[in-house]
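Summary of the model geometry
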Amino acid sequence: MKELLNKQSVLILLGTGGVGKTTVAAALGLAAADAGLDTALITIDPSRRLRDALGLRKPGLRPNKLSRARLAAAGLTPAAQLSAVMLDVRAMWDDLVEHLNGARAVRQRILANSFYRRFTEQFPGAETYAALEQLYRLHQDRLFDTLIVDTPPAAHALEFLDAPERLTRLLRTRGVHWLFKPPMAAAGLAARFAGRAARLVAEQLERFAGLAALSQAADFFSTAAQMIGELEERFDRVNRLLHAPCTKFILVTTAEPQRLAHARRLIEELKARRLRLGAIVINRFADERTCSALAEGCTQNPLHLREIASLRELIFEPPLLTAGMRALVEYLDDYREQVQERMAEIARFARDLPSEVNLALAPESPSKVNNLRGLFDMAGRLTAKHGRRL
Ligand SMILES: Nc1ncnc2c1ncn2[C@@H]1O[C@H](COP(=O)(O)OP(=O)(O)O)[C@@H](O)[C@H]1O
Ligand SMILES: [Mg+2]
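Predicted model only: the values in this text are computed from it and were never measured.

Scoring rules and cut-offs
- Residues numbered from 1 in each chain as written.
- Chains lettered and ligands numbered in written order.
- Predicted model: local features only at pLDDT ≥ 70, side-chain atom pairs only at ≥ 80, totals over all residues.
- Heavy atoms only, no water.
- Pairing = 2+ DSSP bridges.
- Helix = DSSP H or I, 4+ residues; strand = E, 2+ residues; numbered from the N terminus.
- Buried < 20%, exposed > 50% of the residue type's maximum accessible area, 1.4 Å probe, protein only.
- Right-handed = clockwise from strand over helix to strand, strands pointing away.
- Salt bridge = Lys/Arg side-chain N within 4 Å of Asp/Glu carboxyl O.

Quick look at the sheet that holds strand β1 (residues 9-14) now. Paired through backbone hydrogen bonds, the strands of a sheet run either parallel or antiparallel to each other. Strand order in this open sheet of 8 strands is β3-β4-β2-β5-β1-β6-β7-β8, and the pairing throughout is mixed. Every other strand in the sheet has two partners, leaving β3 (64-65) and β8 (358-361) as the edge strands with one partner each. Here 5 bridges tie strand β2 (residues 39-43) to strand β4 (residues 82-86), and the two strands are oriented parallel to one another. Each residue of the ladder has a partner; that of L41, found in β4, is A84.

A word on unusual backbone geometry. Leave glycine aside and you will find that most residues have negative phi; peptide bonds, for their part, are mostly trans. Despite not being glycine, R142 has its phi angle at roughly 55°, a positive value. A relative accessible area of 53% places R142 in the exposed class. The backbone of R284 shows a phi angle near 60°, a positive value even though the residue is not glycine. As for its placement among the helices and strands, R284 is situated in the loop between β7 (277-282) and α15 (288-295).

Let us now look at the pairing of β7. When you tally the buried positions in β7, you get 6 out of 6 residues, the bulk of the element. Two strands pair when backbone bridges link them, and strand β6 (residues 247-253) and β7 are joined in this way by 5 bridges, in the parallel orientation. Each bridged residue has a counterpart across the sheet, and for L251 the counterpart in β7 is I280. On the question of chirality, the crossover connecting β6 to the parallel β7 by way of helix α14 (residues 257-272) is right-handed. Pairing of β7 with β8 involves 4 bridges; the strand directions are parallel. Of the residues in β8, the one forming a bridge with I280 is L359.

A word on the pattern of salt bridges. Counted under the stated rule, the structure contains 16 salt bridges. Across the pair R62 and D141 runs a salt bridge whose closest N-O atoms are separated by 3.2 Å. Taken together, the positions of R62 in the loop between α2 (48-53) and β3 and D141 in helix α7 (residues 126-141) put the pair 79 residues apart, joining distant regions of the chain. Judged by its relative accessible area of 34%, D141 falls in the partly exposed class. A salt bridge links D94 to R117, with the nearest nitrogen and oxygen atoms 3.4 Å apart. Note that D94 is positioned in helix α4 (residues 89-98) and R117 in helix α6 (residues 114-122), a separation of 23 residues in sequence. In terms of burial, D94 and R117 fall into one category: buried. In this structure, a network of salt bridges that share partners links the residues D95, E133, R137 and R234.

The following block contains the structure:
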């Protein structure tokens, strides 16, 4: 994983909700900062405690620097530089519109449009695109060495990859243009809905706008049409950054069979889109000792698990054997079995990965992941040199 932390590198976290993307993004931010890279972290909807740990008071457009004293107190090198920002979807979209080249009146008309407002709040992909837009800007500014981006909680991973293209498609949808070609008289609306294609588009729009808002939608699309070229160009540039050699995706998953199967599919989807997978993080994997054993190449039966097995023999003789003892040993033994199954599964998963993809493990450690010191500890695990010996 260490080799992914470079000057000009862009890391994008992917994975289903709740697997630990936001947490891992923060840990990687600390790792990059500690490696001497001036790092910016774009975080989305972090838990309150993580927000406090990163010194994030409210969402914004500009990353704020964490104090060096706090970073040093967490164990980072005194030279470490880390800035963090919490995504502000609405402000990001408004800022994008305000910076378009069109006439001021046109921009104002878009900003005041209620359909536009609902679009930025509810259209699947609007939140994701805002994150990418922020990434693109920071990349353009070249103020930071390394950029790390989290994924919105609700976003399906594929939605993230496809957001710029989907927006372009939305702007280009023939139905949309045909339906909302200005001038749009309210009376003409019903007639236009008669066609099947139009109904389809209307249905889609209705999902997040409501029929009553269709005249606003019409107004939005006819206004946006004046800036369509510029918007398309923008979405295209953001899409190109996703595909640039400096951009690597970090896939976060947990070790449950279903989640691993999903991760495998995501790897295929990335490949199909010619996007670069840099690493896979298996988060919340068992306990610290199991993680270390697996990371060091012990895939079968590490010492501490063998110890559990021998406990059984040790105490399964009277007078030590009480009902409580028996229950305890059985509990531990079940745990051992479950962990061994998972270890074997991870080892199989690792064997199927392309050789250039890093694999990192982070244990379940609830008390740690919400403070800088604990996150830095996780960072150490993520960047430890082991990976492919599994
Ligand atoms: N390694 C871990 N050990 C224990 N708890 C974790 C770990 N990683 C994440 N968590 C917790 O799991 C929850 C979800 O994590 P989060 O990073 O917000 O996931 P996501 O961004 O993928 O939705 C949070 O409460 C977080 O503190
Ligand atoms: Mg999250």
